[in-house]
Amino acid sequence: MPSRIEYTFKIWNRKGHYYLGLYFLFFLWLFSFTGLLLNHGSWRFAEFWPNRKMSSTTSQIELPQAGTALDRARDAMRQLGISGEIEWTAAKPGSTLFEFRVNRPGHNFAVSLDPAQGRAVVEHTEINAWGVMRVLHAFTGVRAGDARNERDWIMTKLWAFSMDAVAAGMMLMIASGLYLWWGLRSKRVLGAIALALGSTVCGLLLAGVRWIS
Amino acid sequence: MGKRIYALNRDLHLYLGLFLSPFVLLFAVSVFYLVHVRAAEKSAPGLPRLVTGVPVKEELAQLTGLDQVRGLRPVLDHLGVQGEITFIRRIAKEHRLVIPVVVPGRETSVDLNLATGTASVTERRTGVVDAMIHLHKMPGPHNVAIRGNSAYMEYWRGLADVSAYGLLFLTLSGIYLWIGLRAERRVGIALLSLGAISFFGLVYAVSH
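Reading the values: rules and limits
- The residue numbering used here restarts from 1 in each chain and proceeds along that chain's sequence as written.
- To label them, take the chains in the order written and letter them from A, then take the ligands in the order written and number them from 1.
- Side-chain atom pairs in this predicted model are given and counted only at pLDDT of 80 or more, local residue features only at pLDDT of at least 70, and totals for whole chains, interfaces and linings cover all residues.
- Water and hydrogen atoms play no part in the side-chain values, which are based on all heavy atoms of the structure.
- To qualify as a helix, a DSSP run of H or I must reach at least 4 residues; to qualify as a strand, a run of E must reach at least 2; elements of each kind are numbered from the N terminus.
- Contacts were defined at the residue level, with two residues in contact if any of their heavy atoms lie within 4.5 Å.
- A side-chain nitrogen of Lys or Arg and a carboxyl oxygen of Asp or Glu constitute a salt bridge if their distance falls within 4 Å.
- By buried area we mean how much accessible surface two parts lose on assembly, using a 1.4 Å probe and totalling the loss over both.
- Charged residues are taken to be Asp, Glu, Lys and Arg, nonpolar residues to be Ala, Val, Leu, Ile, Met, Phe, Trp, Tyr, Cys and Pro, and polar residues to be all remaining types, Gly included.
- Note: two strands are recorded as paired if DSSP finds a minimum of 2 bridges between them.
- When two rings of Phe, Tyr or Trp (its six-membered ring) have centres within 6.5 Å they constitute a pair, described as stacked for plane angles under 30 degrees, edge-to-face for angles over 60, and tilted for the intermediate range.
- Only protein chains enter the accessibility calculation, which uses a 1.4 Å probe. A residue is then buried if its area is under 20% of the maximum for its type, exposed if over 50%, and partly exposed in between.
- Only lysine NZ and arginine CZ atoms are considered, and such an atom sits over a ring when it is within 6 Å of the ring centre and within 35 degrees of the ring normal.
- To obtain each axis, a line is fitted to C-alpha atoms, and for helices this fit is confined to the stretch in contact; angles are then taken between N-to-C directions over 0 to 180 degrees.
- In these notes the angle categories are as follows: under 35 degrees is roughly parallel, over 145 is roughly antiparallel, 65 to 115 is roughly perpendicular, and the rest is oblique.
- Whether a crossing is left-handed or right-handed is set by the direction in which the near helix is turned from the far one by less than a right angle, anticlockwise for left-handed and clockwise for right-handed.
- Identification of polar contacts relies on pairs of N or O atoms within 3.5 Å, with a donor-acceptor requirement for protein atoms, meaning one able to donate a hydrogen and the other able to accept it, and with residues adjacent in sequence counted only if both atoms are side-chain atoms.
- Segmentation into domains, and thus their bounds, comes from an automatic or database assignment.

A. Just the environment of Phe 24 of chain A, in detail. All names here are of chain A. Relative to the helices and strands, Phe 24 is located in the loop between α1 (4–23) and α2 (25–39). Note: C-alpha distance between Phe 24 and Val 166 (142 residues apart in sequence) is 6.7 Å. Excluding anything up to four places from it in sequence, Phe 24 contacts Ala 165, Val 166 and Gly 169.

So, in structure tokens, the structure goes:
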């Protein structure tokens, strides 16, 4: 006879499994579908780079002198009317230009500021919806091994948080799914075979690709 | 009939979900590495191993794309280097080809001199974290023409496909199962709507 706590847990575990799945449904569709797109870069229908639109504008702005590089870049972006995640690029040797990129899914701005002349050159690249979806799959604003670039745009932080939330949600769904399965006595043997098969294939794969090397 | 389809769908959802759970768990864990890991645990490159008498032909430099990759594979086998060729950099003036070769957790750089038939092979360990991030991102959108030139990448592509298609099936079968639960419809619709608002709102805010 299950205790009241166990019974309540069972009910809410079941509900939680549905609720998490329904809440994250659109995120899961995006990440699964874009996973396929990233896996098959040769799919013609989802091409985006050859169809990109490029434009370049030159304008005069008041270049801020004080503050950190981030402060100055933000000030310039405000004047230029662009927003997004700042990406620091390697400075060209001997150059006096202040250069950086601004990225957000669908748009990339290469900004080049000339402090001596107060001139800003912005090269804008725009990609289509397929490209936006692909970028969203890994839009984190940071890269392992790149200490210079920080997540500095609030929307990147929110998107990164949503990626975390989806991953945590998936883990919870796996845990709740395992608990649901264990409660079905008649399905335990076949379920154990499916789980063992999945674990074996996954383990062999990891060993095969020299993960553990 | 309806009950049989419902029962079949429930079993498929259960067994496929159990089969896929290790893969989904792997991808979910790697998301945290992708989003949060900043410091690289890559080791310093080891001392270069110099190999002479490498069976190379000058024509290798003239080939492009997958043809060049195929032409280089026996050379890499001769050097004992295995993995995915990420790209090939040609230094025409010096008759050299620089070829980074990757397996998750290890990077090997092969500097091949076509004129002298010599090669310098440098290896370094990149660690488990890098391996996780690498696998999550691969095959990826870059160098599509040559991507999947190693057995492991093709194997990985297949399994990533199985995970993605499987997850799509699980979401659809999950919706079907939920629709069958009349008592959960109102809360389910509310959560589905909330999820849609969060998702489309975020996507709009990030991309506009």
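B. Layout of the pattern of salt bridges. Residues and elements named next belong to chain B. Here the structure, examined in full by the defined rule, presents twelve salt bridges over all chains. Residue Asp 111 is joined to Arg 96 by a salt bridge in which the shortest nitrogen-to-oxygen separation is 2.7 Å. One end of the pair, Asp 111, is in strand β5 (residues 106–113); the other, Arg 96, is in strand β4 (residues 96–103), with 15 residues separating them in the sequence. Taken together, the salt bridges that share partners define one network made up of Glu 94, Arg 96 and Asp 111.

C. Up close: the interface of chain A and chain B. Counting residues at the interface gives 73 residues for chain A and 71 residues for chain B. Roughly 6,300 Å² is buried in total at the junction of chain A and chain B, and carbon and sulfur atoms are behind 73% of that figure. Counting every contact that joins chain A to chain B gives two salt bridges. One salt bridge in this structure joins Glu 184 of chain B and Lys 15 of chain A, with 2.9 Å as the shortest N-O distance. Among the secondary structure elements, those contributing two or more residues to the side of chain A that touches chain B are α1, α2, α4 (129–137), α5 (154–182) and α6 (188–208) of chain A. Among the elements that take part in the side of chain A that touches chain B, α5 of chain A stands out by supplying 14 residues, more than any other. Considered class by class, the residues forming the side of chain A that touches chain B number 45 nonpolar, 16 polar and twelve charged.

D. Spotlight on the pairing of strand β5 (residues 119–126) of chain A. Residues and elements named next belong to chain A. Two elements, strand β1 (residues 53–60) and β5, share eight bridges in a ladder whose sense is antiparallel. Pairing of Thr 57 across the sheet is with Val 122, part of β5. Here strand β4 (residues 107–114) pairs with β5 via eight bridges, running antiparallel. What sits directly across from Asp 114, in β5, is Arg 119. Between the antiparallel neighbours β4 and β5 lie four residues, among them Gly 118 with a positive phi of about 65 degrees.

E. Looking closely at the packing of aromatic side chains. Scanning all chains against the criterion turns up 21 aromatic pairs over all chains. Between Phe 24 of chain A and Phe 27 of chain A, the ring centres sit 6.2 Å apart and the planes meet at 75 degrees, which makes this aromatic pair edge-to-face. Accessibility classification places Phe 24 of chain A together with Phe 27 of chain A in one group, the buried group. Both rings, one in Tyr 6 of chain B and one in Tyr 176 of chain B, keep their centres 6.0 Å apart while their planes meet at 40 degrees; by these two values the pair is tilted. Placement of Tyr 6 of chain B in helix α1 (residues 2–36) and of Tyr 176 of chain B in helix α4 (residues 151–179) is noted, with a sequence separation of 170 residues between them. A relative accessible area of 23% places Tyr 6 of chain B in the partly exposed class. A network of ring pairs unites the aromatic residues Tyr 23, Phe 24, Phe 26, Phe 27, Trp 29, Phe 31 and Trp 159 of chain A together with Phe 199 and Phe 200 of chain B as a single cluster. Just above the ring of Phe 98 of chain A sits the side chain of Arg 72 of chain A; from NZ or CZ to the centre is 4.6 Å. In this structure, Arg 188 of chain A packs its charged tip against the face of Trp 182 of chain A, placed 4.0 Å from the ring centre.

F. Main features of the sheet that holds β1 of chain A. All names here are of chain A. Taken in spatial order, the five strands of this open sheet run β1-β5-β4-β3-β2, and their pairing is antiparallel. One side of each edge strand has no neighbouring strand; the edge strands of this open sheet are β1 and β2 (85–88). Going across the sheet, the axis of each strand differs from the next one's by a mean of 20 degrees, ignoring polarity.

G. Region of the structure containing the packing of α1 of chain B against α4 of chain B. Residues and elements named next belong to chain B. Here α1 crosses α4 at 140 degrees, and the two axes come no closer than 8 Å. Overall, the two elements α1 and α4 adopt an arrangement that is oblique. Here the hand of the crossing between α1 and α4 comes out left-handed. Of the residues in the contact of α1 with α4, the class split is 18 nonpolar, eight polar and one charged.

H. Up close: the side chain of Asn 108 of chain A. Residues and elements named next belong to chain A. Locating Asn 108 in the fold gives a position in strand β4. Within the structure, Asn 108 has its side chain in polar contact with the side chain of Arg 101 (distance 3.3 Å). A distance of 2.3 Å separates polar atoms of two side chains, one belonging to Asn 108 and the other to Asn 103. The contact partners of Asn 108, leaving out residues within four places of it in the chain, are Arg 101, Val 102, Asn 103, Glu 123, His 124 and Thr 125.

I. Structural view of the domain arrangement of chain A. All names here are of chain A. Examined at the domain level, chain A breaks down into domain 1 (1–46 + 129–182) and domain 2 (53–126). For domain 1 and domain 2, the distance between their C-alpha centres works out to 33 Å. Contacts between domain 1 and domain 2 engage 13 residues on the former and 13 residues on the latter. Both faces combined, the contact of domain 1 with domain 2 buries some 1,100 Å², and carbon together with sulfur accounts for 53% of it. Contact with domain 2 buries surface across domain 1, with Arg 148, Asp 152 and Trp 153 losing the most and accounting together for 52% of the total. Our count for the domain 1 to domain 2 interface comes out at one salt bridge. Arg 143 is the partner of Glu 87 in a salt bridge, and the nearest nitrogen-oxygen pair spans 3.6 Å. Seen at the junction of domain 1 and domain 2, the total is seven residue pairs in polar contact (both at pLDDT 80 or more). Take the side of domain 1 that touches domain 2: its biggest share by element is three residues, from α4.

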